[in-house]
Amino acid sequence: MSTVAPLLSVQRVTYRYPGAPGDALRDVSLEIRAGEFHAVLGPNGSGKTTLVRVALGLAAPATGTAEIAGRAAVAWSRRDLARIVGVVAQREDNLFPQQVRETVLLGRYPHLSLWGAERPVDREAVTRALERCDALGLADRWIWTLSGGEYQRVRLARALAQEPSMLVLDEPTASLDVRHEMDLFELARGLVDAGGLAVLMITHHVNLAARFADRVLLLADGQTAAQGTPRTVLTRETVERVFAWPVAIEPFDGHPQMIPLRQRRQPREPA
Amino acid sequence: MRRLLFALLLAVACRPTADRLSVPATAHRIVSLAPSSTELLFAIGAGEQVVGRTTWCRYPAAALRVPAVGDGLNPNVEAIAARQPDLVVLYRSQMNETAAQQLARLGIPTVTLAQDRLEDIAHAARELGRLTGHQPAGDSIGAAIETLLRAPTPATIARVTFVVWDNPPMVIGGGSYLDQLATLAGARNVFHDIAGASATVSIETIIARNPDVILVLSDSTAPPAYSARREWRAIRAVREGHFIMLPGDLFGRPSPSAPAAVAALRHALEVRK
Amino acid sequence: MRRWLGLAGLVALALVSAVVLGPAHVALGDLTSSEIVRSLRVPRALLALLVGGSLGVAGASLQALVRNPLADPFLLGLSGGAGLGAVLAIALHVAGPWALPLAAFVGALGAMALVYRLGLVGGAQLDPRVLLLAGVAVGAFTGAITTAIVSLAEAADLRNAFLWLWGGLSGASWDTVLVIAVYIPVPLVVLYAAARPLDLLALGEEPATHLGADVEPLKRRVYIAASMLTAAAVAVSGVIGFVGLIVPHITRLVWGHHHRALLPAAFLGGGALLLFADTVARVSVAPRELPVGIVTALVGVPLFAVLLRRWMGPRG
């Protein structure tokens, strides 16, 4: 148990959307410290995105507490919070054409004063962020010319330009191909190892999460199904129960990998 | 076969217009769809024969007793037909052509009269006189206006402009009956060169043309509201308060009272000096 | 830097031509002493600059707020409210030279409040798409009431009220300029302060929140400030279309989506455009005058078509 104060601390929160029949989250806890890579897994509708919203103060829990750097998440001003946490949301709808450097520069907003202009230190932060994401070569491109994988790296660079202590990534590899998926996970891992960042990633990719994350939270129906290291969480019984599908768990490189099994089915009788 | 076709074409081509065909010798139930024609009908003594008017027809006072059939700008054919007219008097315009056709289909005779300028009123007076059995009265009014128009143009005793609206500034041009009245009264409309009945102009154009008097169609004696505004006071006539108010009953539309209107305007201009 | 000099030069040229040119001939030597120039042309030119500028900034801000580059300040029902206010003032015989503009202003604000209320879905959140729909609905509604009043009433004055609504700067005087000059700085400053957050809003409300923007207060402030600018413009000069729509697009071609540069550029650009359009309106059919809204449309539509092709081009 580390004695360093957690960056993000969610203790036994319960949350229900207004007008919903059941709780979206029930009695869920999560602690993230610097230098840790956490993955949140679970089937659709298990409460992953809700958890992140509560953790970041966008929704107030009915019971339990959510704190960032020791202060209640809802008490943070959005600007101050943006200096600590960089978020890459699931979707972004950038209507207007921009160049990469411009869009990454938007990440400096929390550090700019109301009337002041962008300073050299801001432009340097942008360059550094692009470098860390291996996207410096894209700096002068227009964003509509980028591939999906390149655009994701640019969004990550924007979050890094905020110079946060923690990154929150919501399904960042959805619709990316193998190469770009691996790229992104390696990138995230590298930021944690070299930069001391904390990373919270929501993902469907159980196997990559198992290989890259330090700790895993598996949600089912808004409740914690299992929490801990990948090896302790990803057991056949747990996974089968949560995902309602038969699997085999095979080790690879010291990490458990989930392999979904085919259902034994009778061939269909012709009608 | 060809001869039959030709005869058919001839018959169709020569079909007379409705108003020529079935207009009665003397109309007894007349619906008038323009203030000028309503006023004319009463002026020639055919007031008793008017059974319908528009809501804008308010002169003379006796006309108010006649039931209204709508505002007349887009004629309400049903309301008109409900009055069971044997003649409908229309003001010449695009929209009224359609109304005339609709009324013809219902078997109601119509007559369309231009009513924009004084000579139109003279002609309308004679025509309506003939149609209503008041020919002498109609001819007399027509002759009076024609005499007025034929008289030599008097010398100009004042340069004027009619301002009908302030934002945007709208003035009367050479095409309007008001311009005619002014000329006959010895006033020169500084915007006579504009061909239409009215036009939007800049205030600076009014200043440049420097009228002596501003003529306003108004039944009250108070100067118009815009005379207090700073940009209007740049016009000399506004600044110095040279307004002449023209009451609606004489000046509101081209009317058989044109001779009286001209005399009233001339008097007002002379008294001003 | 050169771009700003170019724009400043354009504004200067527009101002000079608005003062020197006009339906009444004023010799160059007489310019400073001429009553026409001092009392009419100079205040009218200044008013065109301020009104055009306000519409340009309001348009740019609203396009960022509703995240739709085809938004125009008059999409939000304000013109309908202004027209209704003006017509009611005439119908009720409200006296005074400022009656019409004040009534139009109050009507526009009423429409703004109604659209705002309708745009609040689920309690506290302002949904820009609903805002647009509500604006169109309120505009249609007020337009219908106005038309009904005008067609049922009997005063000829009421029909002329519609002419005012078509847009024109003939009501310009030093008094009008003073009122507008005192009024617009506050909304302009509010919008300039919102310039950076508007850049963020272009990414979407959620990403903007994560980047540190307070999205709900931002939307409220921008909507109210842009509406106040538009309401004042309508009150003094009727509905002048296309300026708020076109000018942000043109300035975006040069300054991009950086609102801290775009908003001032839109102000200057809008002012220049309206100045040129008004000069054309006054001079082209002298002694008559065209409604300036017609000139901005005649210039704006082809310009817009060209821009649309450029805009759709790279993304296509």
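To be clear, the structure that these remarks concern was listed above.
The structure reproduced in this document is the subject of the present report. All values derive from a computational prediction rather than experimental measurement.

The next thing to look at is the sheet that holds strand E4 (residues 63-68) of chain A. Residues and elements named next belong to chain A. Within the open sheet, the four strands sit side by side as E2-E1-E4-E5. Their pairing is antiparallel. At either margin of the open sheet sits one strand with a lone partner, and together these are strand E2 (25-32) and strand E5 (71-72). Here E4 runs beside E5; their pairing, made up of two bridges, is antiparallel. The partner of glutamate 67 across the bridge, within E5, is alanine 72. Contacts between helix H1 (residues 48-55) and the sheet are confined to strand E1 (8-15), E2 and E4, with E1 contributing the most and set at about 120 degrees to the helix.

Here we take up the interface of chain C and chain B. Listed by partner, the interface residues are 27 residues for chain C and 22 residues for chain B. Listed by contribution, the elements that provide at least two residues to the side of chain C that touches chain B are helix H2 (35-65), helix H6 (156-165) and helix H7 (174-183) of chain C. In terms of residues, the side of chain C that touches chain B owes the most to one element, H2(C), which gives five residues. Grouping the constituent residues of the side of chain C that touches chain B by class yields 13 nonpolar, seven polar and seven charged.

Okay, the sheet that holds strand E4 (residues 110-113) of chain B next. Residues and elements named next belong to chain B. Spatially, the four strands line up as an open sheet ordered E2-E1-E3-E4, and their pairing is parallel. One side of each edge strand has no neighbouring strand; the edge strands of this open sheet are strand E2 (50-52) and E4. The mean inter-strand angle of the sheet, taken between neighbouring strand axes irrespective of direction, is 30 degrees. Note: strand E3 (residues 87-91) against E4, four bridges, orientation parallel. When the sheet's bridge partners are listed, tyrosine 91 is paired in E4 with leucine 113. The sheet strands contacting helix H3 (residues 35-43) are strand E1 (30-32), E2, E3 and E4, and the helix crosses E1 at an angle near 135 degrees.

Turning next to the environment of A:Pro246. Residue and element names in this part refer to chain A. Within the secondary structure layout, proline 246 lies in the loop between helix H9 (236-243) and strand E11 (247-252). Each C-alpha atom of the pair proline 246 and arginine 262 lies 7.7 Å from the other, and the pair is 16 residues apart in sequence. Sequence-distant contacts of proline 246, defined by excluding residues within four places in its chain, comprise Glu240 and Leu261.

So, how was this worked out
Residues numbered from 1 in each chain as written. Chains lettered and ligands numbered in written order. Predicted model: local features only at pLDDT ≥ 70, side-chain atom pairs only at ≥ 80, totals over all residues. Pairing = 2+ DSSP bridges. Helix = DSSP H or I, 4+ residues; strand = E, 2+ residues; numbered from the N terminus. Contact = placed C-beta atoms within 7 Å. Axes fitted to C-alpha atoms, helices over the stretch in contact; angles between N-to-C directions. Nonpolar A, V, L, I, M, F, W, Y, C, P; charged D, E, K, R; others polar.

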